[in-house]
Protein chains: 2
Amino acid sequence: MNLILLFEDDFINGKTAVRLVGRRFEHVRDVLRAQVGGVLCVGLADGRIGGGTVTSINGECVEMDVVLSDNPPPPLDVRLVLALPRPIMLKRILRTITAMGVKKIILFHSSRVEKSYWKSPVLQPEIIREQLVLGLEQGRDTTLPEIRLCPRFKPFVEDDLPDMAKDTLQLVAHPGAMEACPEGGGKDGPVTLVVGPEGGFIPYELELLAGLGFIPIHLGKRILRVETAVTALLAKLFL
Amino acid sequence: MNLILLFEDDFINGKTAVRLVGRRFEHVRDVLRAQVGGVLCVGLADGRIGGGTVTSINGECVEMDVVLSDNPPPPLDVRLVLALPRPIMLKRILRTITAMGVKKIILFHSSRVEKSYWKSPVLQPEIIREQLVLGLEQGRDTTLPEIRLCPRFKPFVEDDLPDMAKDTLQLVAHPGAMEACPEGGGKDGPVTLVVGPEGGFIPYELELLAGLGFIPIHLGKRILRVETAVTALLAKLFL
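Described below are features of the structure shown in this document.

Here is what the cut-offs are and how they apply
- Residues numbered from 1 in each chain as written.
- Chains lettered and ligands numbered in written order.
- Predicted model: local features only at pLDDT ≥ 70, side-chain atom pairs only at ≥ 80, totals over all residues.
- Heavy atoms only, no water.
- Helix = DSSP H or I, 4+ residues; strand = E, 2+ residues; numbered from the N terminus.
- Buried < 20%, exposed > 50% of the residue type's maximum accessible area, 1.4 Å probe, protein only.
- Contact = heavy atoms within 4.5 Å.
- Lys, Arg positive; Asp, Glu negative; His and termini not counted.
- Charge placed at Lys NZ, Arg CZ, Asp CG, Glu CD.
- Least-squares fit on C-alpha atoms with pLDDT ≥ 70 in both.
- Buried area = accessible area lost by both parts, 1.4 Å probe.
- Salt bridge = Lys/Arg side-chain N within 4 Å of Asp/Glu carboxyl O.
- Polar contact = N/O pair within 3.5 Å; in protein donor to acceptor, adjacent residues only side chain to side chain.
- Pairing = 2+ DSSP bridges.
- Phe/Tyr/Trp six-rings, centres within 6.5 Å; stacked < 30°, edge-to-face > 60°.

Attention shifts here to the overall build of chain A. Looking only at helices and strands, one finds 6 helices and 13 strands in chain A. C-alpha extents for chain A along the principal axes are approximately 60 × 40 × 35 Å. For chain A, with 239 residues in total, the buried portion stands at 54%. Sequence separation of at least 24 residues holds for 70% of the intrachain contacts in chain A that already meet a minimum separation of 6. Computed over 28 positive and 29 negative side-chain charges, the separation of the two mean positions in chain A equals 5 Å.

What follows is about the relation of the copies chain B and chain A. At an RMSD of 0.0 Å, chain B and chain A line up after a rotation of 180° and a shift of 0.0 Å along the axis. The operation mapping one copy onto its partner corresponds to a two-fold rotation axis. Taken as a fraction of all interface residues of chain B, those also at the interface in chain A reach 100%, which identifies the copy contact as same-surface.

With that settled, the discussion passes to the environment of E158(A). Residues and elements named next belong to chain A. Positionally, E158 belongs in helix α4 (residues 153-165). The class of E158 is partly exposed, set by a relative accessible area of 40%. In sequence terms E158 and E205 are 47 residues apart; their C-alpha atoms lie 11 Å from each other.

So, on to the interface of chain B and chain A. Tallying the contact residues gives 30 residues for chain B and 30 residues for chain A. Roughly 2600 Å² is buried in total at the junction of chain B and chain A, and carbon and sulfur atoms are behind 54% of that figure. The largest contributions to the chain B side of the interface with chain A come from R222(B), I223(B) and L239(B), which together make up 28% of the buried area. For D141(B), the salt bridge goes to R222(A), with nearest N and O atoms at 3.0 Å. For the interface between chain B and chain A, the tally reads 14 residue pairs in polar contact (both at pLDDT 80 or more). Secondary-structure elements contributing two or more residues to the side of chain B that touches chain A are α2 (87-100), α3 (125-139) and α6 (226-238) of chain B.

So, on to the sheet that holds strand β12 (residues 191-195) of chain B. Residues and elements named next belong to chain B. Spatial ordering of the open sheet is given by β9-β8-β7-β12-β10-β13-β11, a layout of 7 strands whose pairing is parallel. Because the sheet does not close on itself, it has two edges, and the strands there are β9 (146-150) and β11 (179-180). Note: strand β7 (residues 76-83) against strand β8 (residues 102-108), 6 bridges, orientation parallel. For A83, the partnering residue across the bridge sits in β8 and is F108.

This part takes up unusual backbone geometry. The residue R33(A) is not glycine, and still its phi comes out positive at about 50°. Among the secondary structure elements, R33(A) is positioned in the loop between α1 (22-31) and β4 (39-44). The phi angle at D46(B) is positive, at roughly 60°, despite the residue not being glycine. Its place among the elements puts D46(B) in the loop between β4 (39-44) and β5 (49-57).

What follows concerns the pairing of strand β12 (residues 191-195) of chain A. All names here are of chain A. In terms of burial, β12 is largely enclosed, as 5 of its 5 residues are buried. With burial as the criterion, each face of β12 is covered, one bearing V191, L193 and V195 and the other bearing T192 and V194. Pairing of strand β7 (residues 76-83) with β12, which is carried by 5 bridges, proceeds in the parallel orientation. Within the sheet, the bridge partner assigned to L82 lies in β12 and is V195. Summarising the sheet, strand β10 (residues 169-173) and β12 pair through 5 bridges and their orientation is parallel. Opposite Q170, over in β12, you have T192 as the bridge partner.

Residue and element names in this part refer to chain A. A full pass over the atoms with the stated rule returns 6 aromatic pairs over all chains. Between the aromatic rings of F108 and F156, the centroid separation amounts to 5.4 Å while the plane-to-plane angle is 40°, which identifies the pairing as tilted. Of this pair, F108 sits in strand β8 (residues 102-108) while F156 is found in helix α4, placing the two residues 48 residues apart along the sequence. You can call F156 buried: its relative accessible area is 2%. Connected via pairs of aromatic rings, a cluster forms that spans F108, F153, F156 and F201.

So this is what it looks like as structure tokens:
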């Protein structure tokens, strides 16, 4: 937790005094070992970043006086369109891409996604939100990403994706593609990046995407797990 | 498992017939659902890659006739010098960096590494080797990385690191550094890449490394977990 993410209902007195209980309080006490007078990095959800001066700490809660002076780091200008990963991987991927600054996440179905994944409790809004909050706390950011779930491949790709990807650089990651992922390819404008499931797209799916103008790109000869590939793609395009 | 890694003692008859039991057999039967006549991607540890034609499969083992015709993918020319991560992360990091093609891994101590990590069972050679094998199977590679453990910071950095890093591009990843990680920086020659622990290096450590010629580099304003940072650094430098 490199930033303590605050929400409106943490404020106890106008705009500056906050009281934290539970997980964030325990982190402040046990990991940061904060004392009265110490200043911690805080940020308001979907708002600014600043410092929180500890005004009291006891066995149950910590109180701080916060000053929110700075903008959060700039987001990555990407729509990340990701075939729904295995639930246990999904949690980690959501944290990772949120920490890296992705703000638009679309989870969609494809042939090699097991249908059972769509029934996973991990897709419940509160569990998704928990991962996003953890990602923001890691990346020192405050802007919660938007997430959209698209459990049917063809309607999504034919009806929604073209509008979504309009006027963006359209890329689909695929091992064995002819072109390499372009270095710094996300620095000149928005990108729509499609990433398939473990095992990849089936040919029909890749053809449909290519027909819409998505350029297949690779990351070298090796086959990487989805989590590794997504991190590597975002790094090459944006960092 | 995108490649089935074979070892000398899998061979039952000269140089082409292999018999697999246990984990690899179960994968062939249950995940790949191979049948007699099917051809699977195989590779010999520290050797070549090719195809294995299934000659028999029963409830206990699979037998294949293998032809090893191709070289494994080229390695990344990097010495990755990593402050020992938390054991549970270490396992995953070892798999990830092995899948990405790292062949020289040095795990070292620094101030913010908990001393207890050095006593973790994860550091037992057979558990480390298991992660490396899983990484090779993922990345379709055969060359096992070398791993070195350096549990004392100062003797390692003062006595061993200078020789190890000689005639390489010397980089140390550090949030807040002045320079960005150079795009494609690993494509022109060998790199020694030092990555600190969660929480970073203490100033003394960073000064010692800078004094040896290591250039501090960053990955942007965000603070990433070590696993994410290592993947992003390798992607920017080498992919």
